[in-house]
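Given next are the chains, with one letter for each unit.
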Amino acid sequence: MSLHCCCCGGRDLSPRRFGYLRNLPCSLLPSFASSRHPSTRFLPPLCSLPNPNLTVSPPAPANSNAAAATLPSVPRYREDGLDDEALDAFLADLSPKEQTVLLKRQRDWRRALHLLRRMRSLAHYLPNPFHYNVVLRTLGLARRWDELRLCWLEMAKDGILPTNNTYATLIDAYGKAGLVKEALLWLKHMRARGVSPDEVCMNTVVRILKDSGRFDEGERFFRGWCNGKVEFDVLETEIDGSDSISPNSFLLTELFKSGSRAPVSKKIAPGVEDGPRRPRLAATFNTLIDLYGKAGRLQDASDAFAEMLRSGIAPDTITFNTIINICGSNGLLSEAESLLAKMRERRVDPDTKTFNILMSMYASVGNVETVLKYYNKIREVGLCPDTVSHRIILQVFCERSSVGEVEDAIEEMTKAGARVDEQSVPVVMKMYINQGMLNEANMFLEKHCASTGISSRNYAAIIDAYAEKGLWKEAEDVFYGKRGTRNKNDVVEYNVLIKAYGKAKQYDKALSLFEDMRNFGTWPDGCSFNSLIQMLSGGDFPDRAWELLGRMRDAGFRPRCETLSAVIASYSRKSMISEALEVYREMKALGVEPNEVVYGSLIDMFAEAGKVEEALHYFNLMEESGLPINGIVLTSLVKAYSKVGCWREAQELYAKMKTLDGGPDTIASNCMINLYADLGMVTEAKLIFNDLRKNGEADGISYATMMYLYKSMGMLEEAIGVAQEVQKSGLLTDCASYNSVIAAYAVNGKLKDSAELLQQMISRKILPDASTFKSIFTLLKKGGFAMEVVSQLESSYNEGKRFARQAIITSLFSMVGLHACALESCDLFLSAGMPLESFAYNSAIYAYGASGMVDKALNLYMRMQDEGLKPDIVTYIYLAICYGKARMVEGLRRIYGLLKYQELEPNESLYKALIDAYKIAGRHDLAELVEQEMRFSVDRPTDDDSEAEDC
């Protein structure tokens, strides 16, 4: 079944897609994009499109270039080909229309202005408004406002009154330069002269309002024009409401006073009245449709298109491009495709911009294949890709890091005579940088920027790409590199390089660059100060940040709230309370309202210091200011209460946090566990800990605190259970987490488990700290090491002696049987080529002896003596162990002889080492004799002459 328009027999529509539209009159068809049905799609009323065989020609605009096509060939003016006399003769032979064509052909404003002045100097020259309009447009596009003002005055001197075309030209020029206020001032001049805008002028005003985002005012101006009364008052807010007057506004005010003001006979009304009228130009409807599309009013855009068709105005390529773009911007991809098909059906040829819109539309949803299809389609229909086409295709390839495709596309562009657009340069550079292809990035930059140069903003984007990867040296090279035709760095480039230095923690370089800016003619702006202050604050240099903050105020810049909060946070982290409060008071004096970060930093600072009253004071200020109370702030208060042991208040606040979205965070829960642990409240701590484990929120601190609680309460089995759980959970990520588990194992006597954890810690490049070594000494004592051995190792560590750490770790690994790890650690100091002390040799002798490499141990003993180091009691203990393992009874006899003849002070640890060594060597009889001697010798006076039996 086919669907036909019930009142005009329109074209067939698909019943499957639009069956609900059956029997609707064509005048209502545009309304199927009703906002009451968000799921419906936006499509123009296709049944109302004009017959493709019927040509509807809109009236030609006043500034049409059609005359140029019918004129005879006009020679091109070349500045170096004619002097003024010859030029005057050349111009005198041209008709006014030919002179206009010649002026339009000039791309350089100097040539155009020179030509106009030579024309005015001709004897028979009649002032021509078209000539002035062309030159005013050229000067406006070149943003030569002083020359434009002089040309306007010359126009007045010649008695030429501005026409609608003149006003449209000036409004357009100022609008395209981003000077919306100044553009609208020309409307005020029109009102003063009683001139009503024609359709071209009205369309220009609506377009400028649309492009500046003032959609409602643009629509009101259009409706007023259609109703026959242009309401200039809708623009008064922009024209008269600003306290500041820009230089261009001042020039315009003086310009209005100077000329082109003819007496107006009728009374000037707020609006200039004419009869009702209807727009007759496709350009007007194109602007209106685009206005509705950008405002998100799809139904109104559809209605405007329907009105265009009812008015007999044929949609052109721009019309379809506008509607396709609206569909794409609102995710209506199938409707955009349908419009492209209908465009071809109506014999409206798509242009390159049509395909660019479709490419951009599919690129935004990541459909690369369709982007490539339309990119190839451009050439298939006989068009050429333009700068935007190349920009889109390079963006797509770079986003998916297709280096080969990017390079192929650039090669194809080069062969076609096109250059890489400067906006694409940072995109390609970022792709290379992210892929680590720094050489390729450098070659690309040199090839595409060294000779031609790009804008400061794009250079800044390249520097920022390096900065994000921490490549400050490469960013610096771009900043100081060749710039083609432009050598001076803009302030935005300085700001981004400062950021690069900050991310790499090159604070001195950042400060040096900041100080050098003025020497090179570039003054820092507010962003420069804010970035540097935040950078220094993040690097914990609050004093330098505070000093720079004073310079910022002196320079007339007001710091942002984020900047001041960064300084306060930096002081807070360093517990510099008075300085943080001084910044807070300065913040209030500057009229900068503190945000939740400021209050959070202050509250946390006082919480860490255990100052509950001060923390509560700023918490109350935060509540009074109307800022939302977040979990971070409440966590700080919990911390404050826990610091002073106020468990009831902390408990109440923690209960309040449970009522918030997301509940208490892990930090708050850990604070409560820690508070209960200090008070020995096992049950309460266990409840919170179990909740954390159940929700998967327990971290290393949670486990460490529970292990501490169980150990302090003597619940060693529970402590070991938690330790084993944290070891399996993957939460061992830093030194503190390892220390907590090692300490739990050490208390319970799990020596080998502790040593294996230490080895895992070292293999992950996590350096042991003082807490780690404290646990190691505990392990050595529990492992049966002699007190003299442990004391020697502790003394070397406390005195910070070279290789003390390695010697201690070696001893632990040897004690628990991790001999490979022990020898690897031992080799670190034996192969260092530096003098060793006795404790290091002792540790190495023990390691090699314990691993069964007695010969190597004895060689080390000989090396020790060769270096002039005398063996101490620890050396003899370790030698006894080595002799015992090697069953070298004579060696044991020599050591015993030193004790027997009192060459060594009687030492219980050495006696025990000899007893164990004799037992290992199978001489239990000698072991018993030494044991008897130990009982009598250790406590007897030193002058006792009694002799023991010769062993």
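Residues numbered from 1 in each chain as written. Predicted model: local features only at pLDDT ≥ 70, side-chain atom pairs only at ≥ 80, totals over all residues. Heavy atoms only, no water.

A count of helices and strands for the protein chain gives 51 helices and two strands. With 951 residues in all, the protein chain has 49% of them scored as buried. (Helix = DSSP H or I, 4+ residues; strand = E, 2+ residues; numbered from the N terminus. Buried < 20%, exposed > 50% of the residue type's maximum accessible area, 1.4 Å probe, protein only.)

Both the distance between ring centres and the angle between the ring planes are used here to describe each pair of aromatic rings. For the coordinates displayed, the defined rule picks out 21 aromatic pairs. Centre to centre, the rings of Tyr-362 and Tyr-374 are 6.1 Å apart; their planes meet at 20°, and the pair counts as stacked. Here Tyr-362 is found in helix 18 (residues 352–363), whereas its partner Tyr-374 is found in helix 19 (residues 368–380), with twelve residues between them in sequence. Tyr-362 sits in the buried class, given a relative accessible area of 7%. (Phe/Tyr/Trp six-rings, centres within 6.5 Å; stacked < 30°, edge-to-face > 60°.)

Below, the discussion takes up the side chain of Asn-530. Along the chain, Asn-530 turns up in helix 28 (residues 526–538). In this structure Asn-530 comes out as buried when scored by relative accessible area, which is 4%. Setting aside residues up to four positions removed in sequence, Asn-530 forms contacts with Met-552, Pro-559, Arg-560 and Thr-563. (Contact = heavy atoms within 4.5 Å.)

Soluble globular proteins tend to bury their nonpolar side chains together. Counting 284 residues, the largest nonpolar core has Leu-91, Val-425, Leu-532, Leu-602 and Leu-780 as its most contacted members. At nine residues, helix 46 (residues 838–850) tops the list of elements feeding residues into this core. When near neighbours in sequence (up to four residues on either side) are disregarded, Leu-602 contacts Ile-568, Ser-572, Ala-580, Leu-581, Tyr-584 and Tyr-618. (Core = buried A, V, L, I, M, F, W, Y, C linked by side-chain atoms within 4.5 Å.)

Where helix 34 (residues 631–643) contacts helix 35 (residues 647–658), the axes come no closer than 9 Å and their chain directions differ by 165°. One element, helix 34, and the other, helix 35, form an angle in the roughly antiparallel class. Here the hand of the crossing between helix 34 and helix 35 comes out left-handed. Residues Gly-631, Leu-634, Thr-635, Leu-637, Val-638 and Tyr-641 of helix 34 touch helix 35, and the partners they reach there are Glu-649, Ala-650, Leu-653 and Met-657. Among the residues making up the contact of helix 34 with helix 35, the classes are represented as seven nonpolar, two polar and one charged. (Axes fitted to C-alpha atoms, helices over the stretch in contact; angles between N-to-C directions. Parallel < 35°, antiparallel > 145°, perpendicular 65-115°, else oblique. Left-handed = near helix turned anticlockwise from the far one by under 90°. Nonpolar A, V, L, I, M, F, W, Y, C, P; charged D, E, K, R; others polar.)

With that settled, consider the pattern of salt bridges. Summed over all chains, the structure comprises 44 salt bridges. Among the salt bridges present, the one from Glu-411 reaches Lys-415, with a minimum N-O distance of 3.6 Å. Taken together, the residues span about one helical turn, with Glu-411 and Lys-415 both in helix 21 (residues 403–415) at a distance of four residues. Since its relative accessible area comes to 43%, Glu-411 is described here as partly exposed. When its relative accessible area of 69% is taken as the criterion, Lys-415 is described as exposed. Each of Arg-117, Arg-120, Glu-154 and Asp-158 takes part in salt bridges that share partners, so that together they form one network. (Salt bridge = Lys/Arg side-chain N within 4 Å of Asp/Glu carboxyl O.)

With that out of the way, let us pick up the confidence of the model for the protein chain. Of all residues in the protein chain, 84% have pLDDT values of 70 or greater, and the mean over the chain is 82. The least confident element of the protein chain is helix 1 (residues 15–18), whose mean pLDDT is 33; the most confident is helix 22 (residues 425–434), at 94. For residues 239–245, every residue scores under 50 in pLDDT, and the model assigns this stretch ten contacts once sequence neighbours within four places are set aside. pLDDT under 50 marks residues 942–951. Its contacts with residues more than four places away, or in other chains, come to 13 contacts. (pLDDT = per-residue confidence, 0-100.)

Spanning 13 residues, helix 20 (residues 387–399) covers 18 Å between terminal C-alpha atoms, matching the ideal 18 Å at 1.5 Å per step. Along helix 20, the positions that sit buried rather than exposed are Ser-389, His-390, Ile-392, Ile-393, Leu-394, Val-396, Phe-397 and Cys-398. On its buried face, helix 20 sits against helix 18, helix 19, helix 21 and helix 22. The backbone nitrogen of Val-388 lies 3.1 Å from a side-chain oxygen of the residue at the head of helix 20, namely Asp-386. Backbone geometry just after helix 20 places Ser-401 at a positive phi near 55°. (Expected span 1.5 Å × (residues − 1). Polar contact = N/O pair within 3.5 Å; in protein donor to acceptor, adjacent residues only side chain to side chain.)

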